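# Reading the structure
Residue strings, one per chain:
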Amino acid sequence: MNKLILTFFSLLICLFFSNNLLAEVSAYVDRTQVSEVETIKLVLTSKKNARQPNLSSLEKDFDVLSTSSSSRVNIVNGKMNSTYEWIVVLAPRRTGKLLIPAIGVGNELTD
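First, a word on what this report is: a plain description of the structure on this page. (Residues numbered from 1 in each chain as written. Predicted model: local features only at pLDDT ≥ 70, side-chain atom pairs only at ≥ 80, totals over all residues. Heavy atoms only, no water.)

The next point concerns the sheet that holds strand E4 (residues 62–76). Spatially, E1-E2-E5-E4 is the arrangement adopted by the 4 strands of the open sheet, whose pairing is antiparallel. What marks the edges here is a single partner per strand, and that holds for strand E1 (25–29) and E4. Sheet twist, expressed as the mean angle between neighbouring strand axes with direction ignored, is 15°. Both E1 and strand E2 (residues 40–46) contribute to a ladder of 5 bridges, which runs antiparallel. (Pairing = 2+ DSSP bridges. Helix = DSSP H or I, 4+ residues; strand = E, 2+ residues; numbered from the N terminus. Axes fitted to C-alpha atoms, helices over the stretch in contact; angles between N-to-C directions.)

In structure tokens form, the structure reads like this:
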């Protein structure tokens, strides 16, 4: 009986941690080079977290011109998957090489 309880709790812990590993936030831009009068689109995607991204780290090098969001829910064979996406239009404040810093969405950070 003790082995059964230990196995059950081990599986429960594994499920908990594997579920947290699936929580991911990613980011990409529509292009890597822009002129000083162009804008760039930053796309943030989260598989689990619908909280608004914290864009304050962008304020040093970029003006945030607009932000739009969308969400998708897929249910396949009774399993629900949610995807949240934010499109942020940025204008560079200066010329030169600029780096987009990690952006927080809930408790997670982009690369």
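That was the structure; now back to the text.
Below, the discussion takes up a nonpolar patch on the surface. Where nonpolar side chains cluster on the molecular surface, the patch consists of Val73, Ile75 and Met80 and spans about 330 Å² of accessible area. Among the secondary structure elements, Met80 is positioned in strand E5 (residues 79–92). A relative accessible area of 54% places Met80 in the exposed class. (Patch = residues over 30% accessible without salt bridge, like charges linked within 9 Å, V, L, I, M, F, W, Y side chains within 5 Å. Areas by Shrake-Rupley, 256 points an atom, 1.4 Å probe, with all protein chains shown as cover. Salt bridge = Lys/Arg side-chain N within 4 Å of Asp/Glu carboxyl O. Buried < 20%, exposed > 50% of the residue type's maximum accessible area, 1.4 Å probe, protein only.)

All right, on to the environment of Val73 then. Residue placement: Val73 occurs in strand E4. The spatial distance from the C-alpha of Val73 to the C-alpha of Tyr84 is 8.9 Å, given a sequence separation of 11 residues. Those residues in contact with Val73 that sit more than four places away from it in its chain are Met80, Asn81 and Ser82. (Contact = heavy atoms within 4.5 Å.)

With that settled, the discussion passes to the sheet that holds strand E6 (residues 104–105). Read from one edge to the other, the open sheet built from 3 strands follows the order E3-E6-E7, with strand pairing classed as antiparallel. Since the sheet does not close on itself, it has two edges, and those belong to strand E3 (53–54) and strand E7 (108–109), each with one partner. In this structure, E6 lies alongside E7, joined through 2 bridges in antiparallel fashion. In the sheet register, Gly104 faces E7, and the bridge partner there is Leu109.

Another point: the side chain of Thr83. For Thr83, the position within the fold is in strand E5. Setting aside its immediate chain neighbours within four residues, Thr83 contacts Thr45, Ser46, Lys47, Ser70, Ser71 and Arg72.

The residue Tyr84 is located in strand E5 in this model. Sequence-wise, Tyr84 and Ala50 are 34 residues apart; in three dimensions their C-alpha atoms are separated by 6.0 Å. The contact partners of Tyr84, leaving out residues within four places of it in the chain, are Leu44, Thr45, Ser46, Lys48, Asn49, Ala50, Ser70 and Ser71.

Next up on the list: unusual backbone geometry. Of note in the backbone geometry, Asn77 takes a positive phi value of approximately 55° without being a glycine. Looking at the secondary structure, you find Asn77 in the loop between E4 and E5.

This part covers the nonpolar core. The biggest cluster of nonpolar side chains holds 13 residues, and the ones touching the most others in it are Leu42, Leu44, Leu55, Leu58, Val88, Leu90 and Ile103. Element by element, the count of residues in this core is highest for E5, at 4 residues. (Core = buried A, V, L, I, M, F, W, Y, C linked by side-chain atoms within 4.5 Å.)

What follows covers the pairing of E5. In terms of burial, E5 is a largely internal element, 10 of the 14 residues being buried. One ladder, built from 7 bridges, connects E2 with E5; its direction is antiparallel. Note on E5: the bridge partner recorded for Ser46 is Tyr84. Relative to E5, E4 is paired through 14 bridges, and the arrangement is antiparallel. Bridge assignment links Val73 to a residue of E5, and that residue is Ser82. In textbook terms, the turn of a hairpin is the stretch between consecutive antiparallel strands, and for E4 and E5 this stretch comprises 2 residues, one of which, Asn77, has a positive phi near 55°.

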